[in-house]
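# Coordinate analysis (summary)
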Amino acid sequence: MQHPFRPPAPRLAALVALLAAAAPSAAAQTSPTADSTALAYVREVLAVNPGLRSRWRLVRAAGRAIPAAGALPDPMVSVGVMALPTPSFAFAAEPMTQVPLAVEQRFPGFGKRRAETEAAAADSAAMDAAARAGDAELAAEALIRFTRLAERRTALALWDRRMALAEVAAAAAEARYAAGAVPQTDVLRARMRRAQLAEERHALAAEVHGALAAANAVRASTDSLTTPELNLDAPAAMLTGPL
């Protein structure tokens, strides 16, 4: 009874679709290749998880144990010696010396073998279901971490755009102040806004670093991880507010 170590692609694709439905603000705005990128990441996570490997080995062992559960008990063979003379231990020296040989085979009660086979099959099915549930749980957790990383990276890109606009606004304020068109307070206000955005960017960059560490933790790797770029024009609300 063989079981695949990884869930089939349709199962993972369904999880991706479910996650996209739960978080339309992010996953639904990914590029057409986002699902395949997420699937590749989830497959990598499942392939290196030691707990899943051990669980599927137990499932396969339980499947192989089903035929043995309903088999007859092992036969027993016994050999003995009776009336063996000592200290010569010569079998021909005593006519009453015997070497009895016995073979015993026990037969379980009617229906017991079938019941034990069905019980083993039920145990195997339960272990299989538990293993598949573990796969699904880990896949869902991996997708959440993957999407979180993509969201934070996109948010950082959006924040960089806001900072670029703030730079333009600060330069424009300084130019208008030099021309005597606006008071100096406008320049100071633009500079303060630029500094505030820069400080908040540091916090956002730290979130990206944390999300990357979390995504790498479940795949036991520190290699670079590519995430799909979300639609930078869709969440326009993130660009609102004073510059």
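Everything here concerns the structure above.
All figures in this text were calculated on a predicted structure; none of them were measured in a lab.

## A look at the packing of helix H5 (residues 112-178) against helix H6 (residues 184-217)
Relative to each other, H5 and H6 sit at 165°, their axes nearing to 8 Å. Here H5 lies roughly antiparallel to H6, going by the angle between them. In this structure, H5 meets H6 at a crossing whose hand is left-handed. Of the residues assigned to the contact of H5 with H6, the class counts are 22 nonpolar, one polar and 15 charged.

## A word on the nonpolar core
Counting residues in hydrophobic clusters, the biggest one holds 24 residues, and the most contacted among them are Tyr41, Val42, Val45, Leu149 and Leu225. For this core, the secondary-structure elements that each account for two or more residues are helix H2 (34-48), H5 and H6. At 11 residues, H5 tops the list of elements feeding residues into this core.

## Topic: H5
With 67 residues, H5 extends 98 Å from end C-alpha to end C-alpha; this agrees with the ideal 99 Å at 1.5 Å per step. At the C-terminal side of H5, Gly180 shows a positive phi close to 80°.

## Re the pattern of salt bridges
If you walk through the whole model with that rule in mind, you get 11 salt bridges. Glu174 is the partner of Arg191 in a salt bridge, and the nearest nitrogen-oxygen pair spans 3.1 Å. Separated by 17 residues along the polypeptide, Arg191 in helix H6 and Glu174 in helix H5 bring together distant segments of the chain. With relative accessibility at 40%, the residue Arg191 sits in the partly exposed group. For the salt bridge of Arg189 with Asp186, the shortest nitrogen-to-oxygen distance reads 3.0 Å. With Arg189 and Asp186 both in helix H6, this residue pair falls three residues apart, about one helical turn. The exposure class assigned to Arg189 is exposed, which follows from its relative accessible area of 52%. With relative accessibility at 25%, the residue Asp186 sits in the partly exposed group.

Cut-offs used in this document
Residues numbered from 1 in each chain as written. Predicted model: local features only at pLDDT ≥ 70, side-chain atom pairs only at ≥ 80, totals over all residues. Heavy atoms only, no water. Axes fitted to C-alpha atoms, helices over the stretch in contact; angles between N-to-C directions. Helix = DSSP H or I, 4+ residues; strand = E, 2+ residues; numbered from the N terminus. Parallel < 35°, antiparallel > 145°, perpendicular 65-115°, else oblique. Left-handed = near helix turned anticlockwise from the far one by under 90°. Nonpolar A, V, L, I, M, F, W, Y, C, P; charged D, E, K, R; others polar. Core = buried A, V, L, I, M, F, W, Y, C linked by side-chain atoms within 4.5 Å. Buried < 20%, exposed > 50% of the residue type's maximum accessible area, 1.4 Å probe, protein only. Expected span 1.5 Å × (residues − 1). Salt bridge = Lys/Arg side-chain N within 4 Å of Asp/Glu carboxyl O.

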